[in-house]
Amino acid sequence: MKPSVRAGLAGVVAAGAALGVAEVVAALTGNRSSPLVAVGGVVVDHVPAAVKDFGIAVFGVHDKTALLVGTGVLLAAYAFGLGVLARRRWLLAVGGVALFGLVGAVAAVTRPGAGASAAIPSLLGAALAVLVLRHLTSAAEKAGPETAAGKAGPETAGPEAGTTAFGPAAADVPDHDGPGAPETGRAVAVVDMRTPYQIERDRRRFLRDLGIVAAVSAASGFGGRLLTSRRAVTAARADIALPSPSGSAPVLPAGVQVDGAVSYVTPNREFYRIDTAIVTPQVDPASWELRIHGMVRNPVTITWADLLRLPMVERYVTIACVSNEVGSDLIGNALWLGTPIKALLDLADPLPEADQAVQRSVDGWTCGTPTAVLRDGRDALLAVGMNGVPLPIEHGFPVRMIVPGLYGYVSACKWITEIELTRFTDFDAYWVPRGWSAQAPVKTQSRIDTPRDGAVKPAGTVTVAGVAWATHRGVAKVEVQVDEGPWQTAALAEAVSADTWRQWSLTWPASAGRHTLRVRATDLDGVTQTPALAPPAPDGATGWHQVEVVVE
Ligand SMILES: Nc1nc2c(c(=O)[nH]1)N[C@H]1C(S)=C(S)[C@@H](COP(=O)(O)O)O[C@H]1N2
Ligand SMILES: [Mo]
C-alpha cells in the first residue's frame, strides 16, 4: 500500500470517528440533528426544486438513500484528501477538519427548532477527528519501509522514538511516492534502523488501529442513530390522537370475568410479545407507508395520514402464538382499533389466483395469510390502537395486522409496510422454510388458571376456573374432569364474540388426597379438543391441560 493511500485511509477513518461520536453525543444531548442528518436536511431544503425532482424521479423512493450515499462518498473523498494533506501540511489539514466541523455545527444550529447546543456533536466530533488523524497518520508513516526510508535519522525509526511523523515537522519530509523515488537524490540518510520484523509489526499496528477506530466509530454511529430514532418515535407516538371508531365500540358485558381466571382484557404491559426483532423496529408514522402490490389490478399505497382518514372500528380480538404449549400463556385479548383490511384489498383488486397475501414488516419479516380469509368479512384489521392507546412500539407501532382465528405467525404482522398478493405455491413466508405450516388456524384450547399445578387446598369447596378459546369459531362448551371421573360441564362466562376467548368456572367439592384436574373445550362447530398430545410445530399444540392438586 502506498504511503499516500495509508494516509488517505487514516483521513477517512478519522472522519468516520467524528461522525460516530457525533451520533452518540447527539443522542445523549437529545439533539435530533446529528451533523449527517443536519447537513442532509440543509441540502434537501436548499437544492433547487428541479434537482430535487430529478433525484426523486431517478431514485424514486430511494432518494433519501441516494442523498445519504452521495453525501457519504463526497465526505470520504474530502477526508481522504485531508489524510494525504496531513502528511506534509498538518496545520492545513487541521484547518480542513475544523471547516468540516463548522459546516456540521452551522447546519445543526440552523435546523428548525435547534438551539446553540446543537453545535456540540459536530464540534466534539471534529476535535476527536483531529486526535484520531494525528494518531493514525503517525501510525501510517511508520507502517511502511518507504516512509521510514524517507526519514532522516533514527529518531523516527520506531514507536519508541519520541517524535512522530506528523505535524509541521513532517512538512519537510518529501513524499517518496512512485517508483524509484528514494533514489532521486533529494532524500538524504536513507536509513531505516528497524528490523524487518519491526517493520512488519508497525504495519500491522497501523492496520489494527485503523480497524479498531473504524469498528468503534461504526458501533457508536449505529448506537447513536438507534437511540435518536427511538427518542423520536417515542415522542411521535406520544403526540398521536387516535381517531374514534365509526359505529359503537363493543360493550364489555359485566359477566365476562370469572374469579381466578386471568384478566379478560390483557393489559398492554402484560401482553405476550413474540417476534424475531433483536432491536425493536422504530417506525416514524410520518414516514410510514403501506404498499399493496403484486398480483393486483390496482396497486395501492397509503400513508399514515391516509390511514387515519379511513373508517375505523374497535374490536376485542384474542391472538395466540403457535408456539404456545398446552396450558401456557402466549395468548392475550385486547381491544384493537383499526380499519378493515378488506376494503383496502377490494380497492387493490387482487387477481383471482392470488391466494396468499404476504405481509411484510419494515425489518423484512413476512407472514402469509390466505387472501380469502382477509376478505371473508371477519374483523381482519390494519390496527393502530391497542386497549385505547396507540400500539406500543414492541407490539408493532405504528401499524400492525390483527386477524381473528389465525395464529400470529401467519397473520399478525407488526410494523407492517407491505402486503404483496401472490400464491402459496410461489412464496414461503418467514417461518415456513423453518418447519411451520403455511396455513395455521388457531386450534381449540382451554386452560386451568386456578388452582395452579401443585397447589395445596383445604378440603371443601374449591373453584376451578380458566379460559378457553376457539377463535373465530367460538367456544360452545367447557368440561372438567376430576381424576378418572365423569366430565362435568363448567359454567361459561359471557363472551364478547367468537373472536375472543371465554372464561369458565366449576365448583368442585374437594376431598382430601391428590387429585388431577383436566379441562377440554368444544367449539361452536361441535368439535371437541383432542386428547392427542402434539408439540407446537408445525401448526399448534394439542392435548388437554391438566393440573395436580393436593387437598388436605
Ligand atoms: N414484524 C413481525 N411481526 C410479527 C412477528 C415477528 O417476528 N415480526 N411475530 C408474529 C408472531 S409469531 C406472533 S405470535 C405475534 C405476536 O404479537 P405480539 O408480540 O404483539 O403479542 O406477532 C406476529 N407478528
Ligand atoms: Mo407466534
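Residues numbered from 1 in each chain as written. Chains lettered and ligands numbered in written order. Predicted model: local features only at pLDDT ≥ 70, side-chain atom pairs only at ≥ 80, totals over all residues. Heavy atoms only, no water.

Going by an unreviewed UniProt entry, the protein chain carries the name DMSO/TMAO reductase YedYZ, molybdopterin-dependent catalytic subunit and comes from Actinoplanes derwentensis.

Regarding its fold elements, the protein chain presents 11 helices and 19 strands. Within the protein chain, buried positions represent 47% of all 552 residues. Considering only intrachain contacts with a sequence separation of at least 6, the fraction spanning at least 24 residues in the protein chain is 75%. Of the accessible surface of the protein chain, which amounts to about 25100 Å², a share of 61% is contributed by carbon and sulfur atoms. (Helix = DSSP H or I, 4+ residues; strand = E, 2+ residues; numbered from the N terminus. Buried < 20%, exposed > 50% of the residue type's maximum accessible area, 1.4 Å probe, protein only. Contact = heavy atoms within 4.5 Å. Areas by Shrake-Rupley, 256 points an atom, 1.4 Å probe, with all protein chains shown as cover.)

Right, let's get into the pattern of salt bridges. The final tally for this structure, using the stated rule, is 24 salt bridges. The partner of Arg87 in a salt bridge is Glu141, with the nearest N and O atoms 2.6 Å apart. On the criterion of sequence distance, the pair formed by Arg87 in helix H4 (residues 63–88) and Glu141 in helix H6 (residues 120–142) is long-range, its members being 54 residues apart. A relative accessible area of 7% places Glu141 in the buried class. Ionic pairing is found between Asp202 and Arg194, a salt bridge with its closest N-O pair at 2.5 Å. Judged by its relative accessible area of 3%, Asp202 falls in the buried class. Each of Arg194, Arg201 and Asp202 takes part in a single network of salt bridges with overlapping partners. (Salt bridge = Lys/Arg side-chain N within 4 Å of Asp/Glu carboxyl O.)

Right, let's talk about the UniProt feature "transmembrane region" (unreviewed entry) in the protein chain for a bit. In the numbering used here, UniProt assigns the feature "transmembrane region" (unreviewed entry) to residues 66–85, 90–109, 115–133 and 206–227. The span residues 115–133 shows a helical share of 74% and a strand share of 0%, and its end C-alpha atoms are spaced 29 Å apart. (UniProt positions renumbered as here; feature names shortened; annotations may be inferred.)

On to the pairing of strand S19 (residues 545–551). On any regular strand, side chains alternate: one points to one face of the sheet, the next to the other face. Along S19, the buried face is formed by His545, Val547, Val549 and Val551; none of Gln546, Glu548 and Val550, which line the opposite face, is buried. In terms of strand pairing, strand S12 (residues 456–457) meets S19 through two bridges, oriented parallel. For Val456, the partnering residue across the bridge sits in S19 and is Val550. Bridge count between strand S18 (residues 513–523) and S19: seven bridges; the pairing is antiparallel. Bridge pairing links Arg514 to Val550 in S19. (Pairing = 2+ DSSP bridges.)

Orientation of helix H2 (residues 35–46) relative to helix H5 (residues 90–109), taken along the N-to-C sense of each, is 70 degrees, at an axis distance of 8 Å. What the angle tells us is that H2 and H5 run roughly perpendicular. H5 is crossed by H2, and the crossing has left-handed handedness. Touching Pro35, Ala38, Val39 and Val42 of H2 are Val103, Gly104, Ala107 and Ala108, all from H5. Within the contact of H2 with H5, the residues separate by chemical class into seven nonpolar, one polar and no charged. (Axes fitted to C-alpha atoms, helices over the stretch in contact; angles between N-to-C directions. Parallel < 35°, antiparallel > 145°, perpendicular 65-115°, else oblique. Left-handed = near helix turned anticlockwise from the far one by under 90°. Nonpolar A, V, L, I, M, F, W, Y, C, P; charged D, E, K, R; others polar.)

For the rest of this paragraph, the subject is the sheet that holds strand S17 (residues 502–510). Read from one edge to the other, the open sheet built from four strands follows the order S11-S13-S17-S16, with strand pairing classed as antiparallel. Every interior strand has two partners, whereas the edge strands, strand S11 (445–450) and strand S16 (491–492), have only one. With nine bridges joining them, strand S13 (residues 460–469) and S17 adopt antiparallel strand pairing. Its bridge partner being in S17, Thr463 is matched across the sheet by Thr507.

Glancing now at the packing of aromatic side chains. By the definition in use, this model includes seven aromatic pairs. Geometrically, the ring pair formed by Phe271 and Tyr272 is stacked, given 5.5 Å between the ring centres and 20 degrees between the ring planes. Tyr272 shares its class with Phe271; the two are buried. Where Trp365 meets Tyr430, the ring centres are 6.5 Å apart and the plane angle is 40 degrees; that geometry is what we call tilted. With a gap of 65 residues between them, Trp365 in the loop between strand S5 (356–361) and strand S6 (366–370) and Tyr430 in the loop between strand S10 (416–422) and S11 connect regions that are remote in the sequence. Exposure remark for Tyr430: the relative accessible area of 24% places this residue in the partly exposed category. Counting every residue linked through ring pairs, the aromatic cluster contains Phe271, Tyr272 and Trp336. Here the guanidinium or amino end of Arg434 rests over the ring plane of Tyr430, the centre of that ring lying 3.8 Å away. (Phe/Tyr/Trp six-rings, centres within 6.5 Å; stacked < 30°, edge-to-face > 60°. Lys NZ or Arg CZ within 6 Å of the ring centre and 35° of its normal.)

On to the site of ligand 1, then. As a matter of local geometry, ligand 1 sits amid 18 residues, with Tyr272, Thr276, His395, Arg400 and Lys414 nearest to it. Measuring from an oxygen atom of ligand 1, one finds a backbone N or O atom of Thr276 at 2.8 Å. The separation between an oxygen atom of ligand 1 and a polar side-chain atom of Lys414 is 2.5 Å. Alone, ligand 1 offers 530 Å² of accessible surface; in the complex the protein occludes 98% of this. Across the shell around ligand 1, the residue classes break down as 10 nonpolar, four polar and four charged. (Near = heavy atom within 4 Å. Polar contact = N/O pair within 3.5 Å; in protein donor to acceptor, adjacent residues only side chain to side chain.)

As a further point, take the side chain of Thr500. Residue placement: Thr500 occurs in the loop between S16 and S17. Looking at Thr500, the relative accessible area reads 3%, which means it is buried. Within polar-contact distance, the side chain of Thr500 engages the backbone oxygen of Ser497 at 3.0 Å. Ignoring anything within four residues of it in the chain, the contact list for Thr500 reads Tyr264, Tyr316, Val317, Thr318 and Asn333.

Moving on: a nonpolar patch on the surface. Residues Met1, Val5, Phe80 and Leu207 make up a contiguous nonpolar surface patch of about 320 Å² in total accessible area. Turning to its location among the elements, Val5 is positioned in helix H1 (residues 3–28). (Patch = residues over 30% accessible without salt bridge, like charges linked within 9 Å, V, L, I, M, F, W, Y side chains within 5 Å.)

This brings us to unusual backbone geometry. The residue after Phe397, namely Pro398, is reached through a cis peptide bond having omega 5 degrees. Within the fold, Pro398 resides in the loop between strand S8 (389–390) and strand S9 (400–402). Backbone torsion omega between Ala537 and Pro538 reads 5 degrees, so that peptide bond is classified as cis. When you line up the elements, Pro538 lands in the loop between S18 and S19. Although it is not a glycine, Asp349 sits at a positive phi angle of roughly 60 degrees.

Strand order in the open sheet formed by five strands is S12-S19-S18-S14-S15, and the pairing between neighbours is mixed. Two strands lie at the open edges of the sheet, namely S12 and strand S15 (487–489), each paired on one side alone.

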